[in-house]
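Coordinate analysis (summary)
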Amino acid sequence: MKRYIITGLILLLIMAGVTLLHPARPQYESTDNTEDSYEYYYNENKEDEEDSLLPEDLNSILADNPTVPLDLIPSSITVLVNRLYPLPSNYIPSSLVVPDVKFNFAYLSDKRKMRKVAADALERLFEAGEKKGIELYGVSGYRSYARQKEIYDRNIASRGQSATDAVSAKPGSSEHQTGLTIDVSARSVNFRLDQSFGDTKEGKWLAQNAHLYGFIIRYPYGKSAITGYSYEPWHIRFVGKTVATYLYESKLTLEEYYGVEAAADEPDNAVDVEDPDTVKYATPKPTKKPTPAPKPETTKKPASTKKPKQTRKPKPEKTKTPGKATAKPAVKTPKPVQEEKPPEPTPAPPAPTVPPAATPVPEEPKNNGDSPSDVGGPNRKEEHS
């Protein structure tokens, strides 16, 4: 009998110990995203699994609806975070780890961290890139609410409220607080957060392959009015392979996926980075204004001004014709030589001079026998006198 009593007491003690070691966790009960009323828990034992409110087969909910139910659970990998739907100030994701990838800085910092599910996917993404000759670097991962508030307040002090709201994410509205987001860069842009990164081989490869590892380009080009943020080709967000592939193939943002848009009174040129002053915008902004680039090529159409070369053709032809014309006056010039024919009648006057040639006229005195003395005799005598 004592044996049964002792055995029962031992079992009770064991059960009491189990209860003390594993207390019940609080569940998510509030729908108000305020610091005072929000309660949630982190499933630390299953952090490596993709926890999402959405089913694996999205067609089951998209068949009759253009959008899916809005996910606002902070710990969900598909949670929507923006200025309209901020995270609570006391939300800190669990299982933050440092992914085994290259960073553009060597010091220890929380911005190296990500949630484990996202960190593992990032390692696979970077590894796949290296196999293709694509070398990516981490720039900024997790950013707490307190850190975002510090950045925001500092910008207000230097810029003012309205200017800060135009370029900086408000506390709670940054996706970096989820632990599912990281900014990446490459050596080709000097490791900067540069909009021209989207035009590099690294940026293009990232945009085309991120979804294969569960990531999306969170703020794509041409969607600023919807997301409320400027084009950020460096900002990738983990949402899981299923949703990422669907968004990539459908060319949708998370806002379009859930059927919401940014607030109409909010600026659409903000950036979700630590220091907005470090962001380098494309010139002209990554508007794929490679389209204006060909326009200068159209200016090359002045090359069509080579048509004046056709004017050269008349030049040789016209020069030849005037040459012939000048030859004609050369023919006319000998004609004046023919005008010398008037001197030909000059031999006619010598004909009347034939009588002077007949100088035998002085011979007449010879026939009379006394011509010289009779004619000039008296004169000569006067001379002697």
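Residues numbered from 1 in each chain as written. Predicted model: local features only at pLDDT ≥ 70, side-chain atom pairs only at ≥ 80, totals over all residues. Heavy atoms only, no water.

Brief notes about the overall build of the chain
The condition that has to hold: Helix and strand definitions follow DSSP, with helices as H or I runs of at least four residues and strands as E runs of at least two, each counted in order from the N terminus. A 1.4 Å probe rolled over the protein chains alone gives each residue an accessible area, and that area as a share of the maximum for its type sets the label: buried under 20%, exposed over 50%, partly exposed in between. When checking whether two residues touch, look at their non-hydrogen atoms; a contact exists if any pair is within 4.5 Å. Per-residue and other accessible areas follow the Shrake-Rupley method at a 1.4 Å probe size, with only the shown protein chains counted as cover for residues.
For the chain, the helix and strand inventory stands at 16 helices and six strands. Going through the 385 residues of the chain one by one, you find that 35% of them count as buried. Taking the contacts inside the chain whose residues are at least 6 apart along the sequence as the reference set, 71% of them involve residues at least 24 apart. For the chain, the accessible surface area stands at approximately 23,600 Å², while carbon and sulfur atoms represent 56% of it.

Some remarks on the sheet that holds strand β3 (residues 137-140)
Strand pairing in a sheet is mediated by backbone hydrogen bonds. Such pairs are either parallel or antiparallel. Spelled out, the test is: At least two bridges found by DSSP between two strands are what make those strands a pair. Only the stretch in contact is used when fitting a helix axis, every axis being a line fitted to C-alpha atoms; angles between N-to-C directions are given from 0 to 180 degrees.
Strand order in the open sheet made by the four strands is β3-β4-β6-β5, with antiparallel pairing throughout. Looking at which strands have only one partner, the edges of the open sheet turn out to be β3 and β5 (215-219). Strand after strand, the sheet turns through a mean of 45 degrees between neighbouring axes, direction not considered. By the bridge criterion, three bridges tie strand β4 (residues 181-185) to strand β6 (residues 232-238) in an arrangement that is antiparallel. By the bridge assignment, Asp183 is partnered in β6 with His235.

Details of unusual backbone geometry
With a phi angle near 60 degrees, Asn190 is a residue other than glycine that sits in the positive phi range. Its place among the elements puts Asn190 in the loop between β4 and α6 (201-209). Taking the relative accessible area as the measure of exposure, Asn190 reaches 53% and is therefore exposed. Positive phi values are uncommon outside glycine, yet Phe191 reaches one of about 65 degrees. Within the secondary structure, Phe191 is located in the loop between β4 and α6. The exposure class assigned to Phe191 is partly exposed, which follows from its relative accessible area of 25%.

Brief notes about the pairing of β5
A regular strand places its side chains on the two faces of the sheet in alternate fashion. β5 sits mainly inside the fold: five of its five residues count as buried. Judged from the four bridges that link them, β5 and β6 form a sheet pairing that is antiparallel. Each residue of the ladder has a partner; that of Ile217, found in β6, is Ile236.

Brief notes about the pattern of salt bridges
Selection rule: Each salt bridge in this description consists of a side-chain nitrogen of Lys or Arg and a carboxyl oxygen of Asp or Glu lying within 4 Å of one another.
Evaluation of the coordinates by the stated rule reveals ten salt bridges. A salt bridge links Asp153 to Lys149; its shortest N-O distance comes to 2.9 Å. With Asp153 and Lys149 both in helix α4 (residues 145-159) and four residues apart, the pair spans about one turn of that helix. Through salt bridges with shared partners, a single network forms among Glu175, Arg218, Arg237 and Glu255.

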